[in-house]
Amino acid sequence: MKISWYLILSFLQREFRFSTTEWTLVFLLLLTGMLFIFGMKTRGRYDTDRTVRLGTLSFYMAMVAGVTLLNRDPMPYHQWNFSLFWSHDAVREGSAGSLLQIVGNIVMFLPWGFLIPYIWKEMRSFSCVLLASLGFTLMIECVQFITKRGLFELDDIVHNTIGGILGYGIFMIWIKWKDRKEIGESYVS
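Residues numbered from 1 in each chain as written. Predicted model: local features only at pLDDT ≥ 70, side-chain atom pairs only at ≥ 80, totals over all residues. Heavy atoms only, no water.

Focus on the packing of helix H3 (residues 48–70) against helix H7 (residues 126–147)
Moving on, step 1. Across the interface, H3 lies against H7 with an axial gap of 11 Å and an inter-helix angle of 40°. Helix-helix and strand crossings are classified by hand; for H3 and H7 the assignment is right-handed. Of H7, the residues touching H3 (which contributes Tyr60, Met61, Val64, Thr68 and Leu69) are Phe136, Ile140, Val143, Gln144 and Thr147.
Moving on, step 2. Split by residue class, the contact of H3 with H7 holds seven nonpolar, three polar and no charged. (Axes fitted to C-alpha atoms, helices over the stretch in contact; angles between N-to-C directions. Helix = DSSP H or I, 4+ residues; strand = E, 2+ residues; numbered from the N terminus. Left-handed = near helix turned anticlockwise from the far one by under 90°. Contact = heavy atoms within 4.5 Å. Nonpolar A, V, L, I, M, F, W, Y, C, P; charged D, E, K, R; others polar.)

Quick word on the environment of Phe136
Moving on, step 1. Within the secondary structure layout, Phe136 lies in helix H7.
Moving on, step 2. According to the relative accessible area criterion, Phe136 is buried, its value standing at 8%.
Moving on, step 3. Taking the C-alpha atoms as reference, Phe136 lies 8.8 Å from Thr161; in sequence the two are 25 residues apart.
Moving on, step 4. Those residues in contact with Phe136, other than ones at most four positions away along the chain, are Tyr60, Met61, Val64, Phe109 and Trp112. (Buried < 20%, exposed > 50% of the residue type's maximum accessible area, 1.4 Å probe, protein only.)

Describing the pattern of salt bridges
Moving on, step 1. For the structure shown, the criterion picks out one salt bridge.
Moving on, step 2. With a shortest N-O distance of 2.3 Å, Asp89 and Arg92 are connected by a salt bridge. Of this pair, Asp89 and Arg92 both sit in helix H4 (residues 86–92), separated by three residues, roughly a single helical turn. (Salt bridge = Lys/Arg side-chain N within 4 Å of Asp/Glu carboxyl O.)

Notes on unusual backbone geometry
Moving on, step 1. Here Phe85, not a glycine, exhibits a phi torsion of approximately 65°, which is positive.
Moving on, step 2. Classification of Phe85 by relative accessible area gives partly exposed; the value is 39%.
Moving on, step 3. One non-glycine residue, Lys148, lies in positive phi territory at about 60°.
Moving on, step 4. Examined against the element boundaries, Lys148 turns out to sit in the loop between H7 and strand S4 (151–153).

Section: the environment of Leu151
Moving on, step 1. One can find Leu151 in strand S4.
Moving on, step 2. On the basis of relative accessibility, which here comes to 24%, the residue Leu151 falls in the partly exposed class.
Moving on, step 3. For Leu151 and Trp80, which are 71 residues apart along the polypeptide, the C-alpha to C-alpha distance reads 5.1 Å.
Moving on, step 4. If sequence neighbours within four positions are ignored, Leu151 has contacts with Met75, Gln79, Trp80, Asn81, Glu141, Gln144 and Asp156.

Written as structure tokens, this is what we have:
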């Protein structure tokens, strides 16, 4: 099976088919909500680093909302697929589209698995990121089902959760690298 640049570009065009107005509205709502819920003040002053981190998470969540909900027209009826790993069978049969869908679902959740422990130190355990990834993807799948803007799929839940776990792995590697760098700098000083 050969994947061409044309196939990748057409996949990306299809997935990011939502208007700038819709994306901006979702981003602003998420940013406002995050800033309201968690606040920017720490010990009586504004924390720019925390604001940037929450803004990045808001931007990411707006992109996910755009890809999974806003770029889709409602279907005439609710759809679901409870067949686990059906997409893997399709890939074995030569479906490049299914392979792109699997990879896209995993890659889409890499930032989630990185940002959650990066923003909140309380969320730096494997189990916390696993539950947060599972919860976020379940929320997406349920909203897709309720709004008829997507298919409720077990495969998507599995692949998104794997993406969150891989993002957490990248975060842990980054933290270890950062710690070693700081230790090395303290020996030089």
